[in-house]
Amino acid sequence: MDVSAKKQTASDLPPAAAEAVESAQREKDEFLSLVAHELKTPLTPLKTVAQLIRMRVRRARDGSRELDVESLDKNAAMIERQVDRMDRLVTDLLEVSRAAQGRFVLRAAPFDVAAVARDVVRRWSEASEETEDRHHLEIDAPETLPLVGDQERVRQLIGSLIGNAIKFSPSGGLVDVRVAGDDGVVTVSVRDAGIGIAPEEIPAIGREPFATRERTKNYAGLGIGLYLARLVAEGHGGRLRLASAGEDRGTTATVTLKDMPTEEATATTL
Ligand SMILES: Nc1ncnc2c1ncn2[C@@H]1O[C@H](COP(=O)(O)OP(=O)(O)OP(=O)(O)O)[C@@H](O)[C@H]1O
Ligand SMILES: [Mg+2]
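Attention here is on the structure that accompanies the text. Small disclaimer: the values here were computed from a predicted structure and weren't measured.

### Here we look at the overall build of the protein chain
Part 1 of the argument: Helices and strands together make up the secondary structure of the protein chain, namely seven helices and nine strands.
Part 2 of the argument: For the protein chain, buried positions account for 37% of its 270 residues.
Part 3 of the argument: Taking all contacts inside the protein chain whose residues are at least 6 apart in sequence as the whole, residues at least 24 apart take part in 72%.
Part 4 of the argument: Accessible surface, the protein chain: about 15900 Å² in total, of which carbon and sulfur atoms supply 52%.

Shown next as structure tokens:
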């Protein structure tokens, strides 16, 4: 990169504009380092677990220890979790980039939201047990709840709300998921007893991608989960709402979803 050329451009500008260019450049650099960091984080445990597996295999081969299939399975589960995490991150980044270009397309088909929500809760519960995170997840949902919409996007959305509830509340906390349908409107809400959100911060959350709060800057995440959740909710004729009684008083994230028209894929350029 030609840094000198860039410097020259900035210094040719009036001071206020030059400052704006430099600050935009700084933001971009910080953002890149944040993305690189997020992508790198899962690599260390992946490498460690690969080495562990090889050691187990070596010992089994030379006869010094029997192959422990249970442990191997745990190692594989951890690889799966870390790869899922990276996959989610890259997929989310691609989704944000699509949305920025007005190419964020939702594909509608009938599916059962209650089944999807139960499945997402089951997966998070398993992950929570495996990592000894000890959050307790509960779900209250009807047997079935049909919706015409983008099943994969709705699955990600519910996962993202649960992920936030777990991330922003202490280990051992209760995460309460409710799914209900009334008058053609499906409501999914996720409540936690975590760090909460100050009332004045609520309106801005999920409006712009990559906007995280000062209070949560030490938590993992790029600040795209709720931005995408809002896009998906609005693409289903619904909305995303956050409620909190204040800092350290827990948060409830609620989305409403309605049937999408099925005739064709519906593009949302929200
Ligand atoms: N359950 C919650 N409790 C407290 N704060 C929350 C909760 N959910 C979201 N937030 C706040 O809203 C911000 C935006 O949430 P969002 O899910 O978009 O980003 P993230 O979780 O930080 O990163 P990502 O979802 O991209 O991994 C968070 O950084 C956090 O400050
Ligand atoms: Mg999130």
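Once the structure has been displayed, the description carries forward.
### Re the site of ligand 1
Part 1 of the argument: Taken together, 18 residues lie near ligand 1, and Asn164, Lys167, Asp192, Arg213 and Thr216 sit nearest.
Part 2 of the argument: Measuring from a nitrogen atom of ligand 1, one finds a side-chain N or O atom of Asp192 at 2.8 Å.
Part 3 of the argument: Here Arg213 contributes a side-chain N or O atom positioned 2.8 Å from an oxygen atom of ligand 1.
Part 4 of the argument: Relative to its free-state accessible area of 590 Å², ligand 1 is covered by the protein chains to the extent of 91%.
Part 5 of the argument: Residue assignment for the shell around ligand 1 shows that the elements contributing at least two residues are helix 6 (151-167) and helix 7 (225-235).

### Some details on a positive patch on the surface
Part 1 of the argument: On the surface, Arg54, Arg58, Arg59, Arg61 and Arg65 cluster together into a patch of positive charge.
Part 2 of the argument: Counting through the fold element by element, Arg54 comes out in helix 3 (residues 43-61).

### Side note on the nonpolar core
Part 1 of the argument: In this structure, Val113, Ile158, Leu161 and Ile162 are the most contacted members of the largest nonpolar core, which totals 49 residues.
Part 2 of the argument: The two domains that each donate at least three residues to this core are domain 2 (43-100) and domain 3 (106-267).
Part 3 of the argument: Not counting the four nearest positions on each side in its chain, Leu161 is found in contact with Val190, Leu226, Leu240, Ala253 and Val255.

### Some thoughts on the packing of aromatic side chains
Part 1 of the argument: In total, this model carries two aromatic pairs according to the counting rule given.
Part 2 of the argument: Pairing Phe168 with Tyr219 gives two aromatic rings, centres 4.9 Å apart and planes at 50°, and the pair type is tilted. You can see Phe168 sitting in the loop between helix 6 and strand 5 (174-182) and its partner Tyr219 sitting in the loop between strand 6 (185-192) and helix 7, a full 51 residues away along the chain.

Thresholds, definitions, all that
Residues numbered from 1 in each chain as written. Chains lettered and ligands numbered in written order. Predicted model: local features only at pLDDT ≥ 70, side-chain atom pairs only at ≥ 80, totals over all residues. Heavy atoms only, no water. Helix = DSSP H or I, 4+ residues; strand = E, 2+ residues; numbered from the N terminus. Buried < 20%, exposed > 50% of the residue type's maximum accessible area, 1.4 Å probe, protein only. Contact = heavy atoms within 4.5 Å. Areas by Shrake-Rupley, 256 points an atom, 1.4 Å probe, with all protein chains shown as cover. Near = heavy atom within 4 Å. Polar contact = N/O pair within 3.5 Å; in protein donor to acceptor, adjacent residues only side chain to side chain. Patch = residues over 30% accessible without salt bridge, like charges linked within 9 Å, V, L, I, M, F, W, Y side chains within 5 Å. Salt bridge = Lys/Arg side-chain N within 4 Å of Asp/Glu carboxyl O. Lys, Arg positive; Asp, Glu negative; His and termini not counted. Charge placed at Lys NZ, Arg CZ, Asp CG, Glu CD. Core = buried A, V, L, I, M, F, W, Y, C linked by side-chain atoms within 4.5 Å. Domains from an automatic or database assignment. Phe/Tyr/Trp six-rings, centres within 6.5 Å; stacked < 30°, edge-to-face > 60°.

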